[in-house]
Amino acid sequence: MDTGHDGDARQWRLTREAMDQAGLTTGQVWLRYFGLAGDAGEYEVDAYLNGMLTLPPVQRDLVSHAVNELAGGAADAPYSRGLDGERNPGQDPGRGRTAADPPGAPAVRQGRKGRRTGP
């Protein structure tokens, strides 16, 4: 994929590798992505996962998140923020979020008795 952005190409390549490692199909990934409010169609996501099309960063991150959820820890698709080395992709410091949380998700804190609470 020649998008002019090395980070974009690296993200789709690593996301595709994670998808393949977990044995996921494009249809499974797209369905979960769509459930996460992704707005690209199945053909666009398929083209992205095959290196023929790039998606905006938020949509790429939703595809990565869908792969990570479906893989259940068997694979690790990267998020766009973690590709340039400015942050550890596993933790968003100061926000109480991890890479497993979708982009823009509010911080989640542990409440009493271990219950998860909102911001």
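Scope of this entry: the structure provided in the associated data block. (Residues numbered from 1 in each chain as written. Predicted model: local features only at pLDDT ≥ 70, side-chain atom pairs only at ≥ 80, totals over all residues. Heavy atoms only, no water.)

## Considerations on the overall build of the protein
As a reminder of what qualifies: Secondary structure counts use DSSP, requiring at least four H or I residues in a row for a helix and at least two E residues in a row for a strand, with both numbered from the N terminus. Type-normalised accessible area, obtained with a 1.4 Å probe on protein chains alone, sets the label of each residue: buried when under 20%, exposed when over 50%, and partly exposed for intermediate values. The contact criterion used is simple: two residues touch if any of their non-hydrogen atoms lie within 4.5 Å.
Counting secondary structure elements, the protein contains four helices and four strands. Counting only residues that meet the buried cut, the protein has 38% of its 119 residues in that class. Of all intrachain contacts in the protein linking residues separated by at least 6 positions in sequence, the fraction that spans at least 24 positions is 46%.

## Topic: the side chain of aspartate 8
Threshold: Whenever two N or O atoms come within 3.5 Å, that pair is a polar contact, provided that in protein one can donate a hydrogen and the other can accept it, and provided that, for residues adjacent in sequence, both atoms are side-chain atoms.
Relative to the helices and strands, aspartate 8 resides in helix 1 (residues 6-22). With relative accessibility at 13%, the residue aspartate 8 sits in the buried group. A polar side-chain atom of aspartate 8 sits 3.1 Å from a polar atom in the side chain of arginine 60.

## Some points on the environment of tyrosine 48
Examined against the element boundaries, tyrosine 48 turns out to sit in helix 3 (residues 42-49). The spacing of tyrosine 48 and threonine 15 is 33 residues in sequence and 10.0 Å in space, taken between C-alpha atoms. Ignoring sequence-local partners within four residues, the contact set of tyrosine 48 consists of Gln11, Trp12, Thr15, Leu53, Thr54, Leu55, Arg60 and Val63.

## Considering the packing of helix 1 against helix 4 (residues 57-71)
Two measures define how a pair of helices packs: the angle their axes make with one another and the distance between the axes. To keep it simple, the criterion reads: With axes taken as lines fitted to C-alpha atoms, and helix axes fitted only over the stretch in contact, angles between N-to-C directions fall between 0 and 180 degrees. The cut-offs work like this: below 35 degrees is roughly parallel, past 145 is roughly antiparallel, 65 to 115 is roughly perpendicular, and the gaps in between are oblique. In a left-handed crossing the near helix is turned counterclockwise from the far helix by less than a right angle, and in a right-handed crossing that turn is clockwise. Residues were grouped as follows: Ala, Val, Leu, Ile, Met, Phe, Trp, Tyr, Cys and Pro as nonpolar; Asp, Glu, Lys and Arg as charged; and all remaining residues, including Gly, as polar.
Their axes nearest at 10 Å, the elements helix 1 and helix 4 cross at an angle of 20°. Compared by their axis directions, helix 1 and helix 4 come out roughly parallel. Where helix 1 crosses over helix 4, the two elements pack in a sense that is left-handed. Across the interface between the two elements, Asp8, Gln11, Thr15, Ala18, Met19 and Ala22 of helix 1 pack against Arg60, Asp61, Val63, Ser64, Val67 and Ala71 of helix 4. Grouping the amino acids of the contact of helix 1 with helix 4 by side-chain chemistry returns six nonpolar, three polar and three charged.

## What to know about the pattern of salt bridges
Short version of the rule: A pair is scored as a salt bridge if a Lys or Arg side-chain nitrogen falls within 4 Å of a carboxyl oxygen belonging to Asp or Glu.
Across all of its chains, the model carries three salt bridges by this definition. Here arginine 60 and aspartate 8 are joined by a salt bridge, their closest N and O atoms 3.1 Å apart. A residue pair is termed long-range when its members are at least 10 positions apart, and arginine 60 in helix 4 and aspartate 8 in helix 1 qualify at 52 residues. No difference in accessibility class separates arginine 60 from aspartate 8, as the two residues are buried. Notably, a salt bridge pairs arginine 32 with glutamate 69, separated by 2.5 Å at the nearest N-O pair. Here arginine 32 is found in helix 2 (residues 26-35), whereas its partner glutamate 69 is found in helix 4, with 37 residues between them in sequence. The partly exposed category is assigned to glutamate 69, whose relative accessible area is 36%.

## Concerning unusual backbone geometry
Residue alanine 37 is not a glycine yet carries a positive backbone phi of 80°. Within the secondary structure, alanine 37 sits in the loop between helix 2 and helix 3. By relative accessible area, alanine 37 is classed as exposed at 59%.

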